[in-house]
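Spelled out, the chains give:
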Number of protein chains: 2
Amino acid sequence: MIPELIAGLSGLLPAGAVKTGAFDVEPYARDQGPVLTLQSPSAVVWVETVEQVQEVLRWAHTNRVPVVPRGAGTGVSGGAHATTGCIVLNLERMNRIIAVKPLDEIAVVEPGVINADLNTAAARHGLMYAPDPASYRISTIGGNVATNAGGLRCAKYGVTRDSILALDVVLADGTLIHTGVQTFKGVAGYDLTSLFVGSEGTLGIVVGVTVRLRYLPHSEQTLAAFFPNVQAAAAGVLAIGQARVQPAIMELLDGMTLSALDGAHGSNLRGRGGALLLVQTDGFGAEAEAAVVRTVLTSLGGTVDSQDVGEAARLIDLRRHSRGDEVDDEFRVGEDVAVPRSQLVHYIAQLERVAADHSVQLKVVAHAGDGNLHPTFWVSAREGVEGVARLDLALDESVRLALDLGGTITGEHGVGQYKLRWLPWEQGEQVLELQRQIKDVFDPHGILNPGKAITARA
Amino acid sequence: MIPELIAGLSGLLPAGAVKTGAFDVEPYARDQGPVLTLQSPSAVVWVETVEQVQEVLRWAHTNRVPVVPRGAGTGVSGGAHATTGCIVLNLERMNRIIAVKPLDEIAVVEPGVINADLNTAAARHGLMYAPDPASYRISTIGGNVATNAGGLRCAKYGVTRDSILALDVVLADGTLIHTGVQTFKGVAGYDLTSLFVGSEGTLGIVVGVTVRLRYLPHSEQTLAAFFPNVQAAAAGVLAIGQARVQPAIMELLDGMTLSALDGAHGSNLRGRGGALLLVQTDGFGAEAEAAVVRTVLTSLGGTVDSQDVGEAARLIDLRRHSRGDEVDDEFRVGEDVAVPRSQLVHYIAQLERVAADHSVQLKVVAHAGDGNLHPTFWVSAREGVEGVARLDLALDESVRLALDLGGTITGEHGVGQYKLRWLPWEQGEQVLELQRQIKDVFDPHGILNPGKAITARA
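Residues numbered from 1 in each chain as written. Chains lettered and ligands numbered in written order. Predicted model: local features only at pLDDT ≥ 70, side-chain atom pairs only at ≥ 80, totals over all residues. Heavy atoms only, no water.

### Some points on the interface of chain B and chain A
Then, in step 1: Between chain B and chain A, the residue contacts involve 83 residues of the former and 83 residues of the latter.
Then, in step 2: In total, chain B and chain A occlude about 6,700 Å² of area from one another, counting both sides; carbon and sulfur atoms represent 62% of this.
Then, in step 3: Looking at the side of chain B facing chain A, the largest losses of area belong to Lys185, Tyr190 and Arg244 of chain B, adding up to 15% of the total buried there.
Then, in step 4: For the pair chain B and chain A, the interface holds 8 salt bridges.
Then, in step 5: With a shortest N-O distance of 3.0 Å, aspartate 191 of chain A and arginine 161 of chain B are connected by a salt bridge.
Then, in step 6: Across the chain B-chain A interface, the total number found is 32 residue pairs in polar contact (both at pLDDT 80 or more).
Then, in step 7: Among the secondary structure elements, those contributing two or more residues to the side of chain B that touches chain A are helix H6 (154–157), strand S9 (176–180), helix H7 (192–196), helix H8 (230–242), helix H10 (286–299), helix H14 (423–426) and helix H15 (429–442) of chain B. (Contact = heavy atoms within 4.5 Å. Buried area = accessible area lost by both parts, 1.4 Å probe. Salt bridge = Lys/Arg side-chain N within 4 Å of Asp/Glu carboxyl O. Polar contact = N/O pair within 3.5 Å; in protein donor to acceptor, adjacent residues only side chain to side chain. Helix = DSSP H or I, 4+ residues; strand = E, 2+ residues; numbered from the N terminus.)

What follows is the structure in structure tokens.
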């Protein structure tokens with residue numbers, strides 16, 4: 001980008017807000033998603049106020065400069081990857097909790113607030129912000145909104161969208177708008193709030209978020225049930241549903257995942273079973289529900305450890321932080337498909353077949369209550385392009401299979417950049433074209449996070 | 001409309017599907033909302049298949065004929081009122097429950113399915129369709145989707161949008177599209193499903209609905225607490241929240257509402273208190289939660305009847321069916337504002353002042369857990385236009401007050417036709433214009449339910 005243009009932007013903002021040096025911008029070139037072609041941003045721009053975001057957008061709109069918004073960069077689909085000639089708009093310093101209103105059971109926050117920090121503030125009032133992606137200790141509310149993040153608790157408490165009441169959004173031309181309501185219910189006009197949630201920064205820049213808070217549970221009960229194999233554990237998920245118990249958390253970990261945890265933490269989980277189902281019930285009925293879950297899982301051949309109540313909670317914590325076990329000598333891609341719950345057992349069996357067919361490694365964790373699976377496929381880096389080609393074939397086949405079963409390509413991570421090739425497999429051309437036309441309404445020059453979330457016209 | 005045009009439409013459909021006689025169309029000229037200027041439809045068209053809906057839309061699109069979609073006509077905002085030169089597209093015969101999938105915990109229905117019928121079908125599997133507008137025995141799922149209907153249980157279980165996973169929609173030009181997913185989670189592309197929910201038939205005709213089902217509660221506990229006045233009852237709502245109990249139902253009825261129920265049913269509710277709070281807890285913790293609620297409300301001066309457990313449930317049923325107590329010698333308008341929960345007590349006091357200032361009658365019921373109030377204002381028909389003018393002033397002031405407190409003009413009934421005058425009080429011109437542009441994308445000729453849900457350009 002021509003230096004005069006960047007100088008013009010710098011002049012609109014406080015000193016030091018715009019950086020262009022290679023070392024300065026390199027950490028902001030990508031998120032945690034797979035990279036197809038690494039691009040460097042022309043500049044990284046730190047903003048601290050709504051007005052600054054408006055200034056930047058007016059400048060970008062006038063000069064037709066692509067803007068890639070970024071929170072903590074913890075996304076895993078490439079939604080925050082830099083693209084050609086872009087600036088990265090870094091919102092991490094807009095991290096103030098504007099208000100927690102305990103009687104209204106809402107909070108108002110800036111987009112750079114860390115999910116866990118909002119929960120800490122809410123907990124002082126006996127409240128919680130329910131959506132809890134595994135990245136909750138490091139990811140921002142703005143990023144959670146951009147991807148409509150899920151998490152462990154969403155089987156019972158819903159995904160991010162279900163906790164978002166209102167948004168302040170800066171549009172592509174710098175206009176600030178307010179969507180939604182400060183109340184629990186509201187149906188005035190079209191649901192623009194839900195349209196922005198999950199749109200990955202392609203329709204506007206979220207600069208303010210009003211969230212609904214929930215009550216911190218009266219009590220929690222956590223069970224760990226080991227099963228001989230993953231199919232048996234998945235059958236347990238369905239049986240808990242048939243007992244009409246709604247756990248807050250229901251996580252399924254396969255044998256390879258247990259081995260990986262053992263390797264990282266020195267535990268002996270794999271020695272205790274071929275799969276693990278972690279179930280947490282909460283609320284005034286938590287104990288009664290846990291008793292039902294225990295009976296159901298035991299009758300299906302599960303081994304429910306009743307000795308150490310602390311262990312199950314510790315395992316949930318391990319599961320929450322299961323990121324970061326990647327090693328440098330592997331190519332790996334984590335997936336995020338969801339299937340109808342009845343297909344869980346069948347789909348996991350198919351995944352294992354796919355991995356064997358293509359000679360790739362596989363481990364699977366699942367937010368099983370939602371039918372949302374995170375299979376990770378990998379090959380050794382030694383296998384080079386041939387290995388990557390096999391990896392891609394396995395990924396493609398696993399996605400096709402999920403769609404054939406009535407599933408979706410992404411339950412909670414978003415399409416970003418990496419999953420664009422699969423979007424037309426799921427959605428018809430008319431639906432894709434409607435989305436492009438909506439994009440044109442909000443962003444006529446196409447400057448907002450181009451090449452993300454929706455497919456371009458052919 | 002010229003007869004040749006109608007004849008052309010009739011030729012596309014089975015015999016008897018199109019009616020134009022004054023007696024035939026008159027019952028379909030309006031819904032249950034206030035009528036500003038009564039219009040007669042040019043024709044009423046009964047459709048039974050998706051293909052027929054597509055035929056009708058193709059014809060309407062080509063001939064620029066306005067189409068007013070209609071379910072059971074139970075809406076209360078005029079969203080199904082006929083408009084000049086329109087046809088009414090009657091979807092009540094598309095009433096098949098296509099599938100109930102108990103293991104997936106979803107159902108697929110046509111839009112004309114009655115809410116209660118879906119619940120009956122789900123109950124056979126221990127499941128329920130949670131959204132329960134007071135009209136649930138007579139209203140359709142398609143209508144519930146069109147207005148994003150709420151109901152009694154949504155404090156805990158969410159509104160219609162929260163239970164809708166996927167939609168089949170016929171667009172203005174007759175194209176059939178599929179939005180959403182058959183899974184509990186899904187974030188591929190923009191959330192078109194939420195965009196259609198609550199759009200009152202102005203963006204497309206919903207011809208198929210995939211809903212998420214919930215578990216029928218393990219048990220229910222219902223309490224009726226009488227208070228000296230409505231402010232005390234409203235304070236009880238906040239106290240239950242501060243005790244971190246989330247009831248499934250929390251309904252507040254003021255003294256005038258109790259008197260009206262007494263008049264209609266021969267009860268003596270008003271003699272027992274100046275306001276009534278009905279609370280239902282459910283699930284495995286229902287009894288423990290009810291015990292907390294009882295303690296909280298008693299300590300605030302509430303009289304909780306513990307003798308007759310059946311009575312409270314009967315009162316909930318009365319509340320559910322409180323429609324139809326209108327009498328012919330009154331002009332009355334029911335409102336649907338929502339305010340932040342902390343403002344409940346203050347707002348109800350303001351409502352009473354407004355009614356006194358304008359010498360109009362007032363009664364109030366509220367889905368108090370959501371801060372969603374249904375004040376009804378009325379005057380005697382004898383007061384003529386002068387009375388209606390006072391009624392309008394009271395309505396306008398009550399809406400302004402709700403907005404000043406951070407509220408919304410409509411919590412669950414929709415804008416329809418009647419509330420259009422209030423929409424610009426809530427939403428800025430940029431937000432209104434974005435909605436018009438979205439409308440243009442979906443319906444370029446403006447044939448879908450014109451003059452509803454969003455305001456036209458000035």
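### Brief notes about the relation of the copies chain B and chain A
Then, in step 1: For these two chains of identical sequence, chain B goes onto chain A by a turn of 180° and a shift of 0.0 Å along the axis, with RMSD 0.0 Å. Taken together, the rotation and translation relating the two chain copies correspond to the operation of a two-fold axis. For chain B, the minimum C-alpha distance to the rotation axis belongs to glycine 285 of chain B and amounts to 1.8 Å.
Then, in step 2: The residues that chain B uses at the interface reappear at the interface of chain A in 100% of cases, marking a shared surface. (Least-squares fit on C-alpha atoms with pLDDT ≥ 70 in both.)

### Observations regarding the sheet that holds strand S9 (residues 176–180) of chain A
Residue and element names in this part refer to chain A.
Then, in step 1: If you trace the 5 strands from one edge of the open sheet to the other, you get S5-S6-S10-S8-S9, paired in antiparallel fashion. Bordering the open sheet on either side are strand S5 (97–101) and S9, each of which pairs with just one other strand. Pairs of neighbouring strands in the sheet enclose a mean axial angle of 10°, with direction left out of account.
Then, in step 2: Relative to S9, strand S8 (residues 164–170) runs antiparallel, the two sharing 5 bridges. (Pairing = 2+ DSSP bridges. Axes fitted to C-alpha atoms, helices over the stretch in contact; angles between N-to-C directions.)

### Overview of the pattern of salt bridges
Then, in step 1: On inspection of all chains with the given rule, the structure shows 49 salt bridges over all chains.
Then, in step 2: A salt bridge links aspartate 370 of chain B to lysine 185 of chain A; its shortest N-O distance comes to 3.4 Å. Of the two residues, aspartate 370 of chain B sits in the loop between strand S17 (361–367) and strand S18 (372–380) while lysine 185 of chain A sits in the loop between S9 and helix H7 (192–196), which places them in two different chains.
Then, in step 3: Taking the relative accessible area as the measure of exposure, lysine 185 of chain A reaches 3% and is therefore buried.
Then, in step 4: In this structure, the salt-bridge partner of glutamate 311 of chain A is arginine 272 of chain A, at a minimum N-O distance of 2.6 Å. Note that glutamate 311 of chain A is positioned in helix H11 (residues 309–320) and arginine 272 of chain A in the loop between helix H9 (255–265) and strand S14 (275–282), a separation of 39 residues in sequence.
Then, in step 5: Judged by its relative accessible area of 34%, arginine 272 of chain A is partly exposed.
Then, in step 6: Among the charged side chains, a salt-bridge network with shared partners connects Glu429, Glu433, Arg436, Asp440 and Arg457 of chain A. (Buried < 20%, exposed > 50% of the residue type's maximum accessible area, 1.4 Å probe, protein only.)

### So, the pairing of strand S2 (residues 43–46) of chain A
Residue and element names in this part refer to chain A.
Then, in step 1: With burial as the criterion, each face of S2 is covered, one bearing Ala43 and Val45 and the other bearing Val44 and Trp46.
Then, in step 2: Sheet topology places strand S1 (residues 18–19) next to S2; 2 bridges connect them, and they run antiparallel. Its bridge partner lying in S2, valine 18 is registered against valine 45.
Then, in step 3: The pairing of S2 with strand S4 (residues 87–90) spans 4 bridges and is classified as parallel. Across the sheet, the residue bridging to tryptophan 46 is asparagine 90, located in S4.

### With respect to the packing of aromatic side chains
Then, in step 1: Inspection of every chain in the model, using the stated rule, returns 6 aromatic pairs over all chains.
Then, in step 2: For the pair tyrosine 28 of chain B and tryptophan 46 of chain B, a centre-to-centre distance of 5.3 Å together with 90° between the ring planes defines the contact as edge-to-face. Highlighted residues: tyrosine 28 of chain B in the loop between helix H2 (22–25) and strand S2 (43–46) and tryptophan 46 of chain B in strand S2, separated in sequence by 18 residues.
Then, in step 3: Ring plane angle 80° and centroid distance 5.4 Å describe the contact between phenylalanine 196 of chain B and phenylalanine 442 of chain B, whose orientation is recorded as edge-to-face. Within this pair, whereas phenylalanine 196 of chain B is found in helix H7, its partner phenylalanine 442 of chain B is found in helix H15, the two being separated by 246 residues in sequence. For the pair shown, phenylalanine 196 of chain B and phenylalanine 442 of chain B are each scored as buried.
Then, in step 4: Directly above the ring of phenylalanine 184 of chain A sits arginine 212 of chain A, whose terminal nitrogen or CZ lies 3.8 Å from the centroid.
Then, in step 5: The ring of tyrosine 418 of chain A is capped by arginine 421 of chain A, whose NZ or CZ atom sits 5.3 Å from the centre of that ring. (Phe/Tyr/Trp six-rings, centres within 6.5 Å; stacked < 30°, edge-to-face > 60°. Lys NZ or Arg CZ within 6 Å of the ring centre and 35° of its normal.)

### Considering the sheet that holds strand S3 (residues 67–70) of chain A
Within a beta sheet, neighbouring strands are joined by backbone hydrogen bonds and run either parallel or antiparallel to one another.
Then, in step 1: Spatial strand order, S1-S2-S4-S3 (chain A): 4 strands in an open sheet with mixed pairing. Taken across any chain shown, the strands that pair with only one partner, and hence form the sheet edges, are S1 and S3 of chain A.

### A short note on the UniProt feature "domain: FAD-binding PCMH-type" (unreviewed entry) in chain A
Then, in step 1: Under the present numbering, the feature "domain: FAD-binding PCMH-type" (unreviewed entry) in UniProt falls on residues 37–216 of chain A.
Then, in step 2: This span, residues 37–216 of chain A, is 22% helix and 25% strand, and a straight line between its end C-alpha atoms measures 44 Å. (UniProt positions renumbered as here; feature names shortened; annotations may be inferred.)

### Comments concerning the domain arrangement of chain A
All names here are of chain A.
Then, in step 1: Domain annotation of chain A identifies domain 1 (3–90), domain 2 (97–215), domain 3 (220–320) and domain 4 (330–420).
Then, in step 2: Just the C-alpha atoms count here: the centres of domain 2 and domain 3 sit 30 Å apart.
Then, in step 3: Taken together, the contacts link 10 residues of domain 2 with 10 residues of domain 3.
Then, in step 4: Together, the buried faces of domain 2 and domain 3 total about 890 Å²; carbon and sulfur atoms form 47% of this surface.
Then, in step 5: Applying the counting criterion to the domain 2 and domain 3 interface returns 2 salt bridges. (Domains from an automatic or database assignment.)

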